[in-house]
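Single-letter residue listing:
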Amino acid sequence: MLSNLKNAVHKRRLPLLTRSIGSSNSFQWATEWINMSDDNSKPPDSSSEGKIAVFLHGMLGNKRNVKSFAAKVCSSLGIRGLLMDVRGHGDSQLPESVRRTSKGSTFLDCVWDMDKTLLAEVPNLDDLEVILMGHSMGGRVAMMYSVTDNVSKKPSHVWLLDTVPGKLSASVQNVMGVAQKLVAGNDNFILGMTRNELASFLVKDHNIELGTAHWLAASFDPSLPRKFKFDLNVAFDLAEDFQNIDFTACLEQARQDQQVGWHVVRGGANTAWEDSSTLDFFQTWEKQEPNRMKFSFHTLPNAGHWVHIDDPKGLLDAVESIHKSP
């Protein structure tokens, strides 16, 4: 369990995150385009608006979790969007060649996976401005991509959507434990459930909050031997690495990079922020940086962790305040 994992790891300092290397374990992720047309299978071409937004989901999720909000952003800003399934999630399962040689998955692996995916999916990447938007764990991937040396395309802006600094929250640890029991157990009666029925079961029998239950149920696929569209081995690897990353050191480097705009969104009703000393860091950064294009801090008072679901209008207003001209 994660409670045991967190005692077995040590903080890694920033140089490990930014050393100029690629990864032999990298592979191309599954993606889906959000276009301004009816055909979402085609990437943008040279006639596009000059920028794209890339959306990354959170732990145990998949690209469907952020699709609705991504469509709102792309429609509002008049740009294309690229949804990605992070390593070990959704349709981005480890190829056998990677599985054979991998010694475990890390966030740095995710960085090089993402880099390979961008190069493959966006032929004119050099000509485009890239906006990264990551929810929760996806925000950490976006942050690490942006502070890692020698990636193919530095983003112009990074949005961290309720990416809470510090260790993995107790609620996520609990959900991962429940998922582990469902995958390993003999609860085959869940195979006949719909996703809504599974969500209700998780609330009633496992005391999981309703929004979180629907998030977990969104990855439910009874046709798979593991029952869910995520690889728990990869998820536990990333959960362990989650606690290896020096979040503050990454932010300190981000603060010094004037080429990237950083935008942090906090769910005001998410109690996980109450234990975060980094909240003061963000608030100080906001006071010291008068240019909101370089840093902005947004609190959505009534939103929990699922800011893009709990307050999509408030979140879209925040995005528009940065990316739309007055």
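Residues numbered from 1 in each chain as written. Predicted model: local features only at pLDDT ≥ 70, side-chain atom pairs only at ≥ 80, totals over all residues. Heavy atoms only, no water.

*Asks:* Quick question: what am I supposed to make of the packing of aromatic side chains here?
*Replies:* Aromatic ring pairs are described here by two measures, namely the spacing of the ring centres and the angle between the planes. Applying the stated rule across the entire model yields 10 aromatic pairs. Both rings, one in Phe281 and one in Phe282, keep their centres 6.2 Å apart while their planes meet at 70 degrees; by these two values the pair is edge-to-face. Taken individually, Phe281 and Phe282 each receive the classification buried, so the pair is uniform in this respect. Between Trp285 and Phe295 the ring centres are 4.0 Å apart and the planes differ by 15 degrees, which places this aromatic pair in the stacked class. Residue Trp285 is located in helix H12 (residues 278-288), and its partner Phe295 is located in strand E7 (residues 295-300); the two are separated by 10 residues in the primary sequence. Members of the aromatic cluster, joined through ring pairs, are Trp273, Phe281, Phe282, Trp285, Phe295 and Phe297. Against the face of Phe281 rests Arg255, its NZ or CZ located 5.5 Å from the ring centre. (Phe/Tyr/Trp six-rings, centres within 6.5 Å; stacked < 30°, edge-to-face > 60°. Buried < 20%, exposed > 50% of the residue type's maximum accessible area, 1.4 Å probe, protein only. Helix = DSSP H or I, 4+ residues; strand = E, 2+ residues; numbered from the N terminus. Lys NZ or Arg CZ within 6 Å of the ring centre and 35° of its normal.)

*Asks:* How should the pattern of salt bridges be read in this particular structure?
*Replies:* Pairing is possible between side chains of opposite charge, provided their charged atoms come close. Counted according to the given criterion, the structure contains nine salt bridges. For Lys63, the salt bridge goes to Asp91, with nearest N and O atoms at 3.4 Å. Of this pair, Lys63 sits in the loop between strand E2 (51-56) and helix H3 (67-77) while Asp91 sits in the loop between strand E3 (80-84) and helix H4 (96-101), and the two are 28 residues apart along the sequence. Under the relative-accessibility criterion, Asp91 is labelled partly exposed at 48%. Here Lys229 ties to Asp91 by a salt bridge, and the two come within 3.1 Å at their closest N and O atoms. Residue Lys229 is located in the loop between helix H9 (210-217) and helix H10 (232-242), and its partner Asp91 is located in the loop between E3 and H4; the two are separated by 138 residues in the primary sequence. (Salt bridge = Lys/Arg side-chain N within 4 Å of Asp/Glu carboxyl O.)

*Asks:* How should I be thinking about the environment of Asp311 in this particular structure?
*Replies:* In this fold, Asp311 is placed in the loop between helix H13 (307-310) and helix H14 (312-323). On the accessibility criterion, Asp311 (21% relative accessible area) is partly exposed. Between the alpha carbons of Asp311 and Leu300 there is a distance of 7.3 Å; along the sequence they are 11 residues apart. The residues contacting Asp311, other than those within four sequence positions of it, are Leu300 and Ala303. A polar contact is formed between the side chain of Asp311 and the backbone nitrogen of Gly314, at a distance of 2.8 Å. (Contact = heavy atoms within 4.5 Å. Polar contact = N/O pair within 3.5 Å; in protein donor to acceptor, adjacent residues only side chain to side chain.)

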